[in-house]
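# Tertiary structure, described
Listed below, chain by chain, are the residues.
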Amino acid sequence: MERDEFIKSLGLGLALVCTGSCLSGCGKSSNDGPEDKPDPGPGGGNTNTATIDLSTDLKAIGDQAKANGVLFFRIAAGNTAASFVATESICPHQGGNLVWKQADNRIQCQLHFSEYATNGSVLQGPQGTTGNTRTLKIYSTSISGTKLTATIA
Ligand code: FES
């Protein structure tokens, strides 16, 4: 074998080794396998819902409760989905706690006092600070027995 032929064959072999290494490294994506699936949470339930028990929570108009990052509050009598609102429990501006203010008919942030309507729209932006907030997400609700469930989407 001549020197030039030897170098060419060495180069081809090296290229094949590198290609094989790259292909085997890329063969498994980072989200393959059960270890990358979302944690189903306690009891294997759906992590995209939040549930409260109407036999103990939200008995009176104006009552509020939080579960799984959702603020629930009652706006009318009766246990129908239309009697309740479910929204984010944390303000999108800088993470203040949101509360329902029944007397003012609005959701209020306890950090910079942004205020939101029951449809999530912004009534007042952050006070005494910089930055803006956004419309709150309003989650659909359903009732099964005494359980009020919000679907987080
Ligand atoms: S954190 Fe809610 S208005 Fe700033």
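Everything that follows concerns the structure shown earlier in this document.
Throughout, residues of each chain are indexed from 1 in the direction in which the sequence is written. This being a predicted model, a pLDDT of at least 70 is required before a residue's local features are given, and a value of 80 or more before pairs of side-chain atoms are given or counted; all residues contribute to the totals for chains, interfaces and linings. Side-chain metrics in this entry use all non-hydrogen atoms of the structure; hydrogen atoms and water are not considered.

### Re the overall build of the chain
- Per the secondary structure count, the chain includes one helix and 10 strands.
- Only DSSP runs of H or I reaching four residues or more are called helices, and only runs of E reaching two or more are called strands; each is numbered from the N terminus. Sequence-ordered secondary structure for the chain, helices as α and strands as β, is α-β-β-β-β-β-β-β-β-β-β.
- In the chain, which comprises 153 residues, the share counted as buried stands at 27%.
- Contacts are residue-level and defined by heavy atoms, with any inter-residue pair within 4.5 Å sufficient. Across the chain, the fraction of contacts at a sequence separation of at least 24, relative to all contacts at a separation of at least 6, is 36%.
- Of the roughly 9,400 Å² of accessible surface on the chain, a fraction of 54% belongs to carbon and sulfur atoms. Each residue gets one of three labels from its accessible area relative to the maximum for its type: buried under 20%, exposed over 50%, partly exposed in between, using a 1.4 Å probe on protein chains only. The Shrake-Rupley method, run with a 1.4 Å probe, gives the accessible areas here. Residue values count only the displayed protein chains as cover.

### Side note on the side chain of threonine 133
- Relative to the helices and strands, threonine 133 resides in the loop between β8 (122-124) and β9 (138-144).
- Polar contacts here mean pairs of N or O atoms no more than 3.5 Å apart (in protein, one a potential hydrogen donor and the other a potential acceptor; neighbouring residues in sequence count only if both atoms are side-chain atoms). Side-chain polar atoms of threonine 133 contact the side chain of tyrosine 116, separated by 2.7 Å.
- If sequence neighbours within four positions are ignored, threonine 133 has contacts with Cys91, Pro92, His93, Ser114, Tyr116, Val122 and Pro126.

Geometry only, nothing functional implied.
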